[in-house]
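Structural characterization, general
As a plain string of letters, each chain reads:
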Amino acid sequence: MSDFSWIPVYRGITDKISGYEDNQLQLVAWLKEAGVDAGLTDRGAVKEFELEELDPFTFMGMIMKFGLSRRIELLKKLLPIMGLNIDPPTGEDGVPSAQAQKVWLFAYKHSRDADDIPALWRLFRQAEQGAVTAEAFNRALKVRMAGMAKLTQYMFYCFPDQFLPIDSQTRPFLKKHGVTIPEQDGDSYFAALDEVRQKFDQPFWEVSHEAWKSNQSGHENVSEVVDERLIPIWVMRVNADEIGEGTE
């Protein structure tokens, strides 16, 4: 039986972090207190320093970079630290893990544009309102370290009712069902989402899980197979077009 108990958990986290655009240091502090011990150091031209800026999507990615069991243990600590009275999930079917060594959507301070993190926040704000524009999506897509697979995965973490990850699991499944695979732009991504809505009488999180199950054709009992997207991607072979530069 599929387990989508992660959805109310990540919705709760998404709602909480929404109020911290002007206090991004608190987002970093929560992760650190919960036990995230890597990926919280930025780099300037001459020295390293504690991360001072953080977009909401990368905040979620910092949770999702762990394997399932460690992720749930992290959430057991993080949720009360954030003041959220929510039980951690018992499973996370349909959820792709973030790539542990390249988890940020943005580059180090010395090589990122001053508007990169604000651009990610703007995309988040539009998603909250259910009205993401192609312009905002395309700007976020240009942030160094982002990319179609990574950005759509992270948007899916926060808003699984609105967005579907376009990654190595969903691409072959969508293609098999006649959905046009989007190019690297917002218009084609939104068009693909519309096609998925027309072809499937399921929410995006179920489509994501069905895509993974469809790719397990070599296994006799899919229900007994661990979703490989719940395993940190650095222990897996991944598509070269989904790998960016490292930030940790």
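In this text, all values refer to a predicted model and were calculated from it rather than measured experimentally.

Cut-offs and rules
Residues numbered from 1 in each chain as written. Predicted model: local features only at pLDDT ≥ 70, side-chain atom pairs only at ≥ 80, totals over all residues. Heavy atoms only, no water. Helix = DSSP H or I, 4+ residues; strand = E, 2+ residues; numbered from the N terminus. Buried < 20%, exposed > 50% of the residue type's maximum accessible area, 1.4 Å probe, protein only. Areas by Shrake-Rupley, 256 points an atom, 1.4 Å probe, with all protein chains shown as cover. Axes fitted to C-alpha atoms, helices over the stretch in contact; angles between N-to-C directions. Contact = heavy atoms within 4.5 Å. Nonpolar A, V, L, I, M, F, W, Y, C, P; charged D, E, K, R; others polar. Phe/Tyr/Trp six-rings, centres within 6.5 Å; stacked < 30°, edge-to-face > 60°.

**Let's talk about the overall build of the protein**
A count of helical and extended segments in the protein gives 10 helices and 2 strands. Here the protein, with 248 residues, has 53% of them falling under the buried criterion. For the protein, the accessible surface area stands at approximately 11400 Å², while carbon and sulfur atoms represent 47% of it.

**Some details on the packing of helix α6 (residues 134–141) against helix α9 (residues 186–199)**
Here α6 crosses α9 at 115°, and the two axes come no closer than 8 Å. Side by side, α6 and α9 meet where Ala 134, Phe 137 and Asn 138 of the first sit next to Gly 186, Asp 187, Tyr 189 and Phe 190 of the second. Residues of the contact of α6 with α9, tallied by class, amount to 4 nonpolar, 2 polar and 1 charged.

**Focus on the environment of Asp 87**
Topologically, Asp 87 is positioned in the loop between α4 (68–81) and α5 (116–128). Taking the C-alpha atoms as reference points, Asp 87 and Trp 6, separated by 81 residues in sequence, lie 9.5 Å from one another. Excluding residues that lie within four positions of it along the chain, Asp 87 makes contacts with Val 9 and Leu 79.

**Re the packing of aromatic side chains**
In this structure the tally under the stated criterion is 14 aromatic pairs. Ring geometry for Trp 6 versus Phe 156: centroids 5.6 Å apart, planes at 55°, classification tilted. Pair noted here: Trp 6 is in helix α1 (residues 6–17) and Phe 156 is in helix α7 (residues 148–158), with a separation of 150 residues, a long-range link. Each member of the pair, Trp 6 together with Phe 156, is buried. Between the aromatic rings of Trp 104 and Tyr 108, the centroid separation amounts to 5.4 Å while the plane-to-plane angle is 75°, which identifies the pairing as edge-to-face. Classification of Trp 104 as buried rests on a relative accessible area of 0%.

In short, the description is geometric, and any link to function would need to be established separately.
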